[in-house]
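Summary of the model geometry
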Amino acid sequence: SLRHLCEALLSNIEAHHHTLSLGFDKNVPSITGDRQRIEQVFINILSNAIKYTPDGGHIDVKLMKSSNTDSVTVRISDNGMGIPEEDLAHLFERFYRVEKSRTQDAGGTGLGLAIAKELVEAHGGTITITSEVGKGTSVAIELPVKCQLKTDNGKGIWRFKDTDILPSTVMLGDADNLPADGHVL
């Protein structure tokens, strides 16, 4: 669940003195997809929010029913340094990094967002980024409830690049332990 992923990153969040809010709509459906790859996407986006938000910042994670009832949306927002408008169109390009001098200390290869986009789109979803320098960044990931990866053998095993993907149910919300909206870890 998103809550468990956030808890896994909690030591890093605390090391930067960030606050983290989790908000969940009620009755958000589970999705069918590759759990590891979906978690990889969220870990990448959350790690970027932690890394590019100055110490003492705030990160907000919301799980919502999409206006399209066949999908769910996860929005991860921060009040970090933000991204210049001219860089937004290039963020999903492989090896692209925003102002290398500004992000040099943060490390990274410029592959994370490109891979995240490929994985989200492979599941039939979308990922969008809005940002304003000095105010922060918001990443919205919309995923269909039913995985839309193509099978290549008719046996329910999907292919992504050269890797088998075994579909499973992915609970983004933790049905038994959903925090109330505005819960802060």
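Residues numbered from 1 in each chain as written. Predicted model: local features only at pLDDT ≥ 70, side-chain atom pairs only at ≥ 80, totals over all residues. Heavy atoms only, no water.

It is worth spelling out the overall build of the protein at this point. The number of helices and strands found in the protein is 6 helices and 10 strands. When burial is assessed residue by residue, the protein has 43% of its 185 residues classed as buried. In the protein, 67% of the contacts between residues at least 6 apart in sequence involve partners at least 24 apart. Summed over its atoms, the accessible surface of the protein is roughly 9800 Å², and 49% of this surface lies on carbon and sulfur atoms. (Helix = DSSP H or I, 4+ residues; strand = E, 2+ residues; numbered from the N terminus. Buried < 20%, exposed > 50% of the residue type's maximum accessible area, 1.4 Å probe, protein only. Contact = heavy atoms within 4.5 Å. Areas by Shrake-Rupley, 256 points an atom, 1.4 Å probe, with all protein chains shown as cover.)

Following the criterion strictly, the structure yields 4 salt bridges and no others. A salt bridge links Glu7 to Arg3; its shortest N-O distance comes to 3.2 Å. Of this pair, Glu7 and Arg3 both sit in helix α1 (residues 2–8), separated by 4 residues, roughly a single helical turn. The class for Arg3 is buried, based on a relative accessible area of 16%. (Salt bridge = Lys/Arg side-chain N within 4 Å of Asp/Glu carboxyl O.)

If you look at soluble globular proteins, the nonpolar side chains tend to sit buried side by side. With 35 residues, the main nonpolar core has Phe42, Ile45, Ile59, Val61, Ile76 and Ile141 as its most contacted residues. Broken down by element, the residue count for this core peaks at 7 residues, all from helix α3 (residues 35–51). (Core = buried A, V, L, I, M, F, W, Y, C linked by side-chain atoms within 4.5 Å.)

Bringing the side chain of Ser21 into the picture now. Among the secondary structure elements, Ser21 is positioned in strand β1 (residues 19–24). Here the side chain of Ser21 touches His58 through a polar contact of 3.1 Å, side chain to side chain. (Polar contact = N/O pair within 3.5 Å; in protein donor to acceptor, adjacent residues only side chain to side chain.)

Honestly, that's just the spatial picture; any functional story needs more than this.
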